[in-house]
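# Secondary and tertiary structure notes
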Amino acid sequence: MITVRLFAAAADVVGTKQLQLQADTVADVVTQLSDARTTAEVISRCSFLVDGARATEQTALQSGATVDVLPPFAGG
């Protein structure tokens, strides 16, 4: 089991800021979060951190890991 923390638009489209999932890779997380077209559009643009380190969809997940889902942020 892993913890997924969602921020900003990602949390809005998924409907929660945190959830628990069974997943072996970040790609598994993406698949589980992308159940609707709108959700898939937002999640596909996100960056991911695993335990604070930048991750790709191929990044393996260990039990107890924390995955942060970060949509693009506008800033100045």
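Residues numbered from 1 in each chain as written. Predicted model: local features only at pLDDT ≥ 70, side-chain atom pairs only at ≥ 80, totals over all residues. Heavy atoms only, no water.

Here we come to the pairing of strand β2 (residues 18-21). Side chains Leu19 and Leu21 project from β2 onto a buried face, and the interleaved Gln18 and Gln20 project onto a face without burial. Pairing geometry for strand β1 (residues 2-6) and β2, over 4 bridges, is antiparallel. Residue pairing across strands places Arg5 opposite Gln18, the latter belonging to β2. (Buried < 20%, exposed > 50% of the residue type's maximum accessible area, 1.4 Å probe, protein only. Helix = DSSP H or I, 4+ residues; strand = E, 2+ residues; numbered from the N terminus. Pairing = 2+ DSSP bridges.)

What follows concerns the nonpolar core. Core analysis: the biggest nonpolar cluster contains 22 residues, and Ile2, Val4, Phe48 and Val69 have the highest contact counts within it. Sorting the residues of this core by element identifies β1, α1 (8-14), β2, α2 (26-33), α3 (37-43), β3 (47-50) and β5 (66-70) as the ones contributing at least two each. With 4 residues, α2 is the largest single contributor of residues to this core. If near-sequence neighbours (up to four positions away) are discounted, Val4 is found in contact with Lys17, Gln18, Leu19, Leu21, Val29, Leu33, Val67 and Val69. (Core = buried A, V, L, I, M, F, W, Y, C linked by side-chain atoms within 4.5 Å. Contact = heavy atoms within 4.5 Å.)

With that out of the way, let us pick up the pattern of salt bridges. What the rule picks out here adds up to 1 salt bridge. Put simply, Arg5 and Asp68 hold a salt bridge, and the shortest N to O gap is 2.6 Å. Here Arg5 is found in strand β1, whereas its partner Asp68 is found in strand β5, with 63 residues between them in sequence. (Salt bridge = Lys/Arg side-chain N within 4 Å of Asp/Glu carboxyl O.)

For the rest of this paragraph, the subject is the pairing of β1. Burial runs high along β1: 4 of the 5 residues are buried. Across 4 bridges, β1 lies against β5 in parallel orientation. Bridged to Val4 within β5 is Val67.

Looking at where Gln20 falls in the secondary structure, it is placed in strand β2. Assessed through its relative accessible area of 44%, Gln20 is described here as partly exposed. A C-alpha to C-alpha distance of 5.6 Å links Gln20 and Ile2, two positions 18 residues apart in sequence. Excluding residues that lie within four positions of it along the chain, Gln20 makes contacts with Met1, Ile2 and Thr3.

Buried within α2 are the following residues: Val26, Val29, Val30 and Leu33. Along α2, the residues classed as buried sweep out an arc of 100 degrees about the axis, all on the same side. (Arc of directions from axis to C-beta.)

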